Amino acid sequence: MPSKNTLALYCPEADQQSWLQALSKAMPDSEIVLWPQTSPEAQFAAAWMPNDAFIQAHPHLRYLFNLGAGVDALLRLPLPEDLHIVRIEDGGMAEQMFEYIYYAVLRHVRQFGEYEKNQAQGLWQPFNHRSWSDYPIGVLGLGALGGYVACELAKRGLAVNGWSQSPKKIDGVKTFAAQTQFDEFLASSRILVCLLPLTTQTQGILNKRNLLKLMPQAYLINVARGAHLVEEDLLDLLETGHVSGAMLDVTKLEPLPQHHPFWRHPSINITPHVSAQTICEAAATQIAHNIARITENLSPLGLVNRQRGY
Ligand code: OXD
């Protein structure tokens, strides 16, 4: 079997059967070798949070396909310098991400959480109508996921701002770029959605100094990484009222420890890192397509810039 037709696979035990099935279907002519079995000659690997031993056991890897959206955990490993990392560009995640964020935005602006609390007390009490124009949404990060989410929110007539490191143009979205426009972006947004990659520049970006620049009674939705948020700062700002609530799909420690104050905070909603789950079939098709591109000497789609970190 030529090594280019071998794909070394590393993924959590619970997902192994689904990945094996999806990859075997998308690449019927390839051999899929599931860790801890190894194929030292393999040039391709597909992995989610692999350990160092997996990388060491495959010294001829040229391309590693990350089986999730964020590559931060992967880039923390000591990787050979010439190993190319390829991310899943969408894999069915963008639409799920949009659903999650739209739900969080609707829940907050339409006060459904408050009505749930009232129901628990048998309280029939309508709140005043809120105008959408008072709730501009700021999407931090306009990559494959953030760009899609911003565009879909704007299609529904919501006021959407978007910030990214380099300038982007998205229909219906007021875009801001680079550090020079960061404060202006924050000051124009009341709901902040974090969809940034985690890099040394973005770690802790959701801190008191930045969150204080949002419009008062701000609302935070974090679907990126727990390490973007300075958790104590969020608790302080909820206390002062500058931030009125948060919906968090990611936390610094996952699973969130039992005694963490986020669990029982009345203005925080927690979900267990499920905002957008990789759909094996869609991702496997993408990997197969990219391997075919590489075989034809074309660059794969979704190549990560390791220096930049995404
Ligand atoms: C992620 C994922 O990168 O779940 O967080 O794919």
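A short tour of the structure in this document, coming up. Because the structure is a prediction, the values reported are computed rather than measured.

**Digging into the pairing of strand 1 (residues 6-10)**
Turning to step 1, where the next piece is worked out: A large share of strand 1 lies buried, amounting to five of its five residues.
Turning to step 2, where the next piece is worked out: As paired elements, strand 1 and strand 2 (residues 31-34) share four bridges and run parallel to each other. Bridge pairing links L7 to I32 in strand 2.
Turning to step 3, where the next piece is worked out: With respect to chirality, the unit in which strand 1 leads through helix 1 (residues 16-26) into the neighbouring parallel strand 2 is right-handed.
Turning to step 4, where the next piece is worked out: Alignment of strand 1 against strand 3 (residues 44-47), held across four bridges, turns out to be parallel. Across the sheet, the residue bridging to A8 is A45, located in strand 3.

**Points about the site of the ligand**
Turning to step 1, where the next piece is worked out: Surveying the vicinity of the ligand reveals the residues W48, G68, A69, G70, R225 and H273.
Turning to step 2, where the next piece is worked out: Within the backbone of G70, one N or O atom sits 2.6 Å away from an oxygen atom of the ligand.
Turning to step 3, where the next piece is worked out: One of the side-chain N or O atoms of R225 is found 2.7 Å from an oxygen atom in the ligand.
Turning to step 4, where the next piece is worked out: For the ligand, the protein covers 86% of the area, taking 210 Å² as the surface of the free molecule.

**Remarks on the sheet that holds strand 7 (residues 160-164)**
Paired through backbone hydrogen bonds, the strands of a sheet run either parallel or antiparallel to each other.
Turning to step 1, where the next piece is worked out: What the seven strands build is an open sheet, ordered 8-7-6-9-10-11-12; its pairing is parallel. Two strands lie at the open edges of the sheet, namely strand 8 (173-177) and strand 12 (268-270), each paired on one side alone. Averaged over all pairs of adjacent strands, the angle between strand axes in this sheet comes to 15°, irrespective of strand direction.
Turning to step 2, where the next piece is worked out: Where strand 6 (residues 137-140) meets strand 9 (residues 191-194), four bridges bridge the pair, whose relative direction is parallel. Counted as the bridge partner of I137 is I191 from strand 9.
Turning to step 3, where the next piece is worked out: Its contacts with the sheet put helix 4 (residues 93-109) on strand 6, strand 9, strand 10 (218-222), strand 11 (243-248) and strand 12, and the angle it makes with strand 10 is roughly 155°.
Turning to step 4, where the next piece is worked out: Lying on the sheet, helix 9 (residues 231-240) is in contact with strand 10, strand 11 and strand 12; it crosses strand 11 at an angle near 140°.

**A closer look at the pattern of salt bridges**
Turning to step 1, where the next piece is worked out: Scanning all chains against the criterion turns up nine salt bridges.
Turning to step 2, where the next piece is worked out: The salt bridge involving D72 is made with R225; its shortest N-O contact spans 3.0 Å. With D72 in helix 3 (residues 72-75) and R225 in the loop between strand 10 and helix 9, the pair connects residues that are 153 residues apart, well separated along the chain.
Turning to step 3, where the next piece is worked out: Take D72: its relative accessible area is 10%, and that puts it in the buried class.
Turning to step 4, where the next piece is worked out: R225 sits in the buried class, given a relative accessible area of 15%.
Turning to step 5, where the next piece is worked out: Residues E89 and R87 are paired through a salt bridge, measuring 3.5 Å at the closest nitrogen-oxygen approach.
Turning to step 6, where the next piece is worked out: Salt bridges linked by common partners bring D72, R76 and R225 together as one network.

**Let's talk about the side chain of N161**
Turning to step 1, where the next piece is worked out: Tracing the backbone through its elements, the reader meets N161 in strand 7.
Turning to step 2, where the next piece is worked out: Using a relative accessible area of 6% as the deciding quantity, one classes N161 as buried.
Turning to step 3, where the next piece is worked out: A distance of 3.1 Å separates polar atoms of two side chains, one belonging to N161 and the other to S189.
Turning to step 4, where the next piece is worked out: If near-sequence neighbours (up to four positions away) are discounted, N161 is found in contact with P136, I137, G138, V139, V173, K174, F176, F185, S188 and S189.

The rules behind each value
Residues numbered from 1 in each chain as written. Predicted model: local features only at pLDDT ≥ 70, side-chain atom pairs only at ≥ 80, totals over all residues. Heavy atoms only, no water. Buried < 20%, exposed > 50% of the residue type's maximum accessible area, 1.4 Å probe, protein only. Helix = DSSP H or I, 4+ residues; strand = E, 2+ residues; numbered from the N terminus. Pairing = 2+ DSSP bridges. Right-handed = clockwise from strand over helix to strand, strands pointing away. Near = heavy atom within 4 Å. Polar contact = N/O pair within 3.5 Å; in protein donor to acceptor, adjacent residues only side chain to side chain. Areas by Shrake-Rupley, 256 points an atom, 1.4 Å probe, with all protein chains shown as cover. Axes fitted to C-alpha atoms, helices over the stretch in contact; angles between N-to-C directions. Contact = heavy atoms within 4.5 Å. Salt bridge = Lys/Arg side-chain N within 4 Å of Asp/Glu carboxyl O.

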